[in-house]
Amino acid sequence: MTSLDKPTTEETSADTSADDARAVTEAALFEAFGGVRGMVETVLPGLLFVSIYTVNKNLHMSALAALGVALVMVVVRLARRDTVKHAFSGVFGVGFGVVFAMMTGNAKDFYLPGMLYTLGLALAYIVTAMAGVPLIGLMLGPVFKENLSWRTRNPGRKKAYTKASWAWGLILLAKCAILFPLYWWADTTQLGWVLVALKIPPFLLAVYLTWVFLAKAPPPIDVFAEMEAQERAEEERKAAAAGEEAPAGRHRRRS
């Protein structure tokens, strides 16, 4: 290999920085969206409901089994002192579904609150992207320790968050376009199995596109590190000022 073929120090440093940025992005997305365990907690209650209902057509047994497994997952997370936000969101979703289905006596209504939530979330992603305050940026800003600095100080990152919010919104709208007709025309088991099948693939596609957009974006501005640096500088300034005042005071006393 000639000297022209060898990578320069700058190129190696740039590659390392890019790899580090991608690794940080992957870790942050994994944390924000719950990872494999979060996906299991999202799918399992609905899967249990439709499985039991397919076998015995018993609404009460299916609904209570789904609610029970959601509560167990919360208890397990609490016992292990893990983050419970994904498990709690699952419990609330299942709980609303159980209430709807029990009130109407229609097993398909178990899925209706989740479908309405998906539709509302899709619209929220699209509206906030159009308004210049993309929802995905509001969600991930604290995870990346940049808060809202991307809005005014990091335009490339704001553009990436806007693209990601559009991706999430359109993917969820496409999912709703499949599910809502089935809610009206299909039976409970058909709707349930299609909904279970559509839990993970659209989610993974949206997460992947978010990773692609953010991996190509400028790195986040760590506002927490900036605040800590400012605090240290202020403490050093005060210490230096106090040190200057002490000799001056002794000099006056000698005079």
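Quick caveat, the model's predicted, so the values are computed rather than measured.

**Observations concerning the overall build of the chain**
Okay, so step 1: Of regular secondary structure, the chain possesses 11 helices and 0 strands.
Okay, so step 2: Seen in sequence order, the chain has helices and strands lined up from the N terminus as α-α-α-α-α-α-α-α-α-α-α.
Okay, so step 3: Taken across its 255 residues, the chain has 38% of its residues classed as buried.
Okay, so step 4: Partitioning the intrachain contacts of the chain with sequence separation of at least 6 by distance along the chain shows that 72% fall at a separation of at least 24.
Okay, so step 5: For the chain, the exposed area adds up to about 15,000 Å²; of that, 66% sits on carbon and sulfur atoms.

**Thoughts on the confidence of the model for the chain**
Okay, so step 1: Per-residue confidence for the chain gives a mean pLDDT of 82, with 79% of residues at or over 70.
Okay, so step 2: Predicted confidence in the chain is weakest over helix 1 (residues 9-33), with a mean pLDDT of 59, and strongest over helix 8 (residues 155-185), with 96.
Okay, so step 3: pLDDT under 50 marks residues 9-16. Its contacts with residues more than four places away, or in other chains, come to 1 contact.

**Section: the packing of aromatic side chains**
Okay, so step 1: The full count for this structure, using the stated rule, is 9 aromatic pairs.
Okay, so step 2: When the ring of F49 is compared with that of Y111, the centres are 5.5 Å apart and the planes differ by 85 degrees; the resulting orientation is edge-to-face. Remark: Y111 occurs in the loop between helix 4 (85-104) and helix 5 (112-130) and F49 occurs in helix 2 (residues 35-56); sequence separation between them is 62 residues. Grouping residues by exposure puts F49 and Y111 together as buried.
Okay, so step 3: Residues Y125 and W168 carry aromatic rings whose centres are separated by 5.6 Å and whose planes lie at 25 degrees to one another, so their mutual orientation is stacked.

**Considerations on a negative patch on the surface**
Okay, so step 1: Where like charges cluster on the molecular surface, the negative patch consists of E228, E231, E235 and E236.
Okay, so step 2: One can find E236 in helix 11 (residues 223-254).

**A closer look at a nonpolar patch on the surface**
Okay, so step 1: A grouping of F92, F96, V99, F100 and M103 is seen on the molecular surface, where their side chains present a nonpolar patch of about 550 Å² in accessible area.
Okay, so step 2: Within the secondary structure, F100 sits in helix 4.
Okay, so step 3: Its relative accessible area of 32% is what places F100 among the partly exposed residues.

**Quick notes on the side chain of K108**
Okay, so step 1: On the secondary structure map, K108 appears in the loop between helix 4 and helix 5.
Okay, so step 2: Of the side chains with opposite charge, D109 lies nearest to the buried K108, which makes no salt bridge, at 7.5 Å.
Okay, so step 3: Once you skip the residues sitting within four places of it in the chain, K108 turns out to touch L182, Y183, W184, A186, D187, T188 and L191.

**Considerations on the pattern of salt bridges**
Okay, so step 1: Following the criterion strictly, the structure yields 1 salt bridge and no others.
Okay, so step 2: Its salt-bridge partner being E146, residue R157 comes within 2.9 Å of it at the nearest N-O pair. A residue pair is termed long-range when its members are at least 10 positions apart, and R157 in helix 8 and E146 in the loop between helix 6 (135-140) and helix 7 (149-152) qualify at 11 residues. This pair shows no difference in class: R157 is buried, exactly as E146 is.

**Side note on the packing of helix 5 against helix 8**
When two helices pack together, their arrangement is captured by the angle between the axes and the distance separating the axes.
Okay, so step 1: Contact geometry for helix 5 and helix 8: axes closest at 8 Å, N-to-C directions at 150 degrees. Compared by their axis directions, helix 5 and helix 8 come out roughly antiparallel. Classified by chirality, the crossing of helix 8 by helix 5 is left-handed.
Okay, so step 2: Per-class residue counts for the contact of helix 5 with helix 8 are 20 nonpolar, 4 polar and 1 charged.

Procedures and definitions
Residues numbered from 1 in each chain as written. Predicted model: local features only at pLDDT ≥ 70, side-chain atom pairs only at ≥ 80, totals over all residues. Heavy atoms only, no water. Helix = DSSP H or I, 4+ residues; strand = E, 2+ residues; numbered from the N terminus. Buried < 20%, exposed > 50% of the residue type's maximum accessible area, 1.4 Å probe, protein only. Contact = heavy atoms within 4.5 Å. Areas by Shrake-Rupley, 256 points an atom, 1.4 Å probe, with all protein chains shown as cover. pLDDT = per-residue confidence, 0-100. Phe/Tyr/Trp six-rings, centres within 6.5 Å; stacked < 30°, edge-to-face > 60°. Patch = residues over 30% accessible without salt bridge, like charges linked within 9 Å, V, L, I, M, F, W, Y side chains within 5 Å. Salt bridge = Lys/Arg side-chain N within 4 Å of Asp/Glu carboxyl O. Lys, Arg positive; Asp, Glu negative; His and termini not counted. Charge placed at Lys NZ, Arg CZ, Asp CG, Glu CD. Axes fitted to C-alpha atoms, helices over the stretch in contact; angles between N-to-C directions. Parallel < 35°, antiparallel > 145°, perpendicular 65-115°, else oblique. Left-handed = near helix turned anticlockwise from the far one by under 90°. Nonpolar A, V, L, I, M, F, W, Y, C, P; charged D, E, K, R; others polar.

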